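Each chain, letter by letter, is given below.
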Amino acid sequence: MRTEELIGLLRAPDQSGQGRVEQTAYGGPNIERLAALDAHASSLRSYSLLTVPGLLQDPEYGMHVIRAALPRLPDHELRRRALMKSARAVSFLERARRGEVRAAFVLGEQSLAHAPGLDAVEAHRKQLRRLLAMTDIQSLSVQILPFHTVPPQFASQFSLWAFAKEPDREAELARKAVGYCESIMGGSYSTRLDDMATMHSTFADLVSLAWPPSRSRSHIAELLGEAT
């Protein structure tokens, strides 16, 4: 069997409704596309095992995360992407405070216990203070997945957006939700019903395995040496 045929066997028979967003994770165009989803979504579910999710990141912490993930990135591009991610987070939080979007976040305990680099200790502590403050936003839910828990599907991170039904048309479910995840090969999205079902059930399992919001908030406060 030829190499092309072997590779062809790996290809799913139906690849409609899914694809790669761009080659390099955290790229500028990708941040803009995700920000557009944030601006129109009625709800968001986001999970990250190793770092605080981008929408909850403090700008300084976010810069350290980008540098850790992409150590060969030039400094000027690092700063540009960090500014774009910060603007995206600010816009999202403004919508959340106005109650225009409901969001649920699940973070791995690892993301809170370890700074994203030896030079990021103070930025990490600043991030924890920001995260604690965000637990007061009524439309946001923040939960922590304990160290010892094996994530369902061995998931490391993904996000799900849902959109309100358009009043002038009957949109299919696949048109009203989109899932996104990143790997070393870049960011990928899907609107396929089977993928949406898998991601929704996986997130539901993560929520059930994670500490409830009240305990999660207390844990963040304990890391900061504060009482709740």
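Residues numbered from 1 in each chain as written. Predicted model: local features only at pLDDT ≥ 70, side-chain atom pairs only at ≥ 80, totals over all residues. Heavy atoms only, no water.

Moving on, we get to the overall build of the protein. Across its full length, the protein holds 8 helices and 7 strands. The 228 residues of the protein split such that 44% are buried. Of the contacts made within the protein by residues no fewer than 6 positions apart, 76% connect residues no fewer than 24 positions apart. Accessible surface, the protein: about 12,800 Å² in total, of which carbon and sulfur atoms supply 55%. (Helix = DSSP H or I, 4+ residues; strand = E, 2+ residues; numbered from the N terminus. Buried < 20%, exposed > 50% of the residue type's maximum accessible area, 1.4 Å probe, protein only. Contact = heavy atoms within 4.5 Å. Areas by Shrake-Rupley, 256 points an atom, 1.4 Å probe, with all protein chains shown as cover.)

Turning to the side chain of His64, a few remarks are in order. Looking at where His64 falls in the secondary structure, it is placed in helix H3 (residues 59-69). On the accessibility criterion, His64 (9% relative accessible area) is buried. Contacts of His64, omitting those with residues within four sequence positions, involve Pro116, Asp119, Ala120 and Ala123.

As a further point, take the packing of helix H6 (residues 121-134) against helix H8 (residues 213-224). Interaxial distance between H6 and H8 falls to 10 Å at its minimum, and their mutual angle equals 145°. Judged by the sense of rotation from one axis to the other, the crossing of H6 with H8 is left-handed. In this structure, H6 uses Arg125, Leu128, Arg129, Leu131 and Leu132 to contact H8, whose residues at the interface are Arg217, Ile220, Ala221, Leu223 and Leu224. (Axes fitted to C-alpha atoms, helices over the stretch in contact; angles between N-to-C directions. Left-handed = near helix turned anticlockwise from the far one by under 90°.)

Let us look at the environment of Gly187. Along the chain, Gly187 falls in strand E7 (residues 186-190). A relative accessible area of 0% means that Gly187 is categorised as buried. In this structure the C-alpha to C-alpha distance between Gly187 and Asn30, which are 157 residues apart in sequence, comes to 8.0 Å.

We now examine the packing of aromatic side chains. For any pair of aromatic rings, geometry is given as the distance between the ring centres together with the angle between the planes. Counted according to the given criterion, the structure contains 4 aromatic pairs. A centroid spacing of 6.1 Å and a plane angle of 85° characterise the contact between Phe92 and Phe105, whose relative ring orientation is edge-to-face. Residue Phe92 is located in helix H4 (residues 75-97), and its partner Phe105 is located in strand E3 (residues 102-108); the two are separated by 13 residues in the primary sequence. Phe92 gets classed as buried once you look at its relative accessible area, which sits at 2%. The interplanar angle of 65° and the centroid separation of 6.4 Å between the aromatic rings of Trp161 and Tyr180 together place this pair among those described as edge-to-face. With Trp161 in strand E5 (residues 157-162) and Tyr180 in strand E6 (residues 177-183), this pair connects stretches of sequence that are 19 residues apart. When sorted by exposure, Trp161 lands in the same class as Tyr180, which is buried. (Phe/Tyr/Trp six-rings, centres within 6.5 Å; stacked < 30°, edge-to-face > 60°.)

Time to look at the packing of H3 against H6. Between H3 and H6, the shortest axis-to-axis distance is 8 Å and the interhelical angle comes to 130°. As judged from the angle between their axes, H3 and H6 are oblique. As for the relative orientation of H3 and H6, their crossing is left-handed in sense. On H6, the residues touching Pro59, Glu60, Tyr61 and His64 of H3 are Ala123, His124, Lys126, Gln127 and Arg130. (Parallel < 35°, antiparallel > 145°, perpendicular 65-115°, else oblique.)

Next up on the list: the pattern of salt bridges. The full count for this structure, using the stated rule, is 9 salt bridges. Residues Asp136 and Arg217 are paired through a salt bridge, measuring 3.2 Å at the closest nitrogen-oxygen approach. Here Asp136, found in the loop between H6 and strand E4 (140-145), pairs with Arg217, found in helix H8; they are 81 residues apart in sequence, far enough to count as distant. Each of Glu77, Arg80 and Arg81 takes part in one network of salt bridges that share partners. (Salt bridge = Lys/Arg side-chain N within 4 Å of Asp/Glu carboxyl O.)

A word on the pairing of E7. Pairing analysis gives 5 bridges linking E6 to E7, with the strands arranged antiparallel. When the sheet's bridge partners are listed, Glu182 is paired in E7 with Gly187. Two successive antiparallel strands, E6 and E7, enclose a turn made up of 2 residues. (Pairing = 2+ DSSP bridges.)

With that out of the way, let us pick up the nonpolar core. Leu56, Phe92, Phe105, Leu112, Leu140 and Trp161 are the most contacted members of the largest nonpolar core, which totals 32 residues. Elements supplying a minimum of two residues to this core: H3, H4, E3, H6, E4, E6 and H8. Examining the composition of this core, we find that 4 residues originate from one element, H6, more than from any other. Setting aside anything within four residues of it in sequence, one finds Phe92 in contact with Leu44, Leu55, Val101, Ala103, Phe105 and Leu140. The next biggest cluster of nonpolar side chains, apart from the first, holds 13 residues, and it includes Val106, Leu145, Ala177 and Met199. (Core = buried A, V, L, I, M, F, W, Y, C linked by side-chain atoms within 4.5 Å.)

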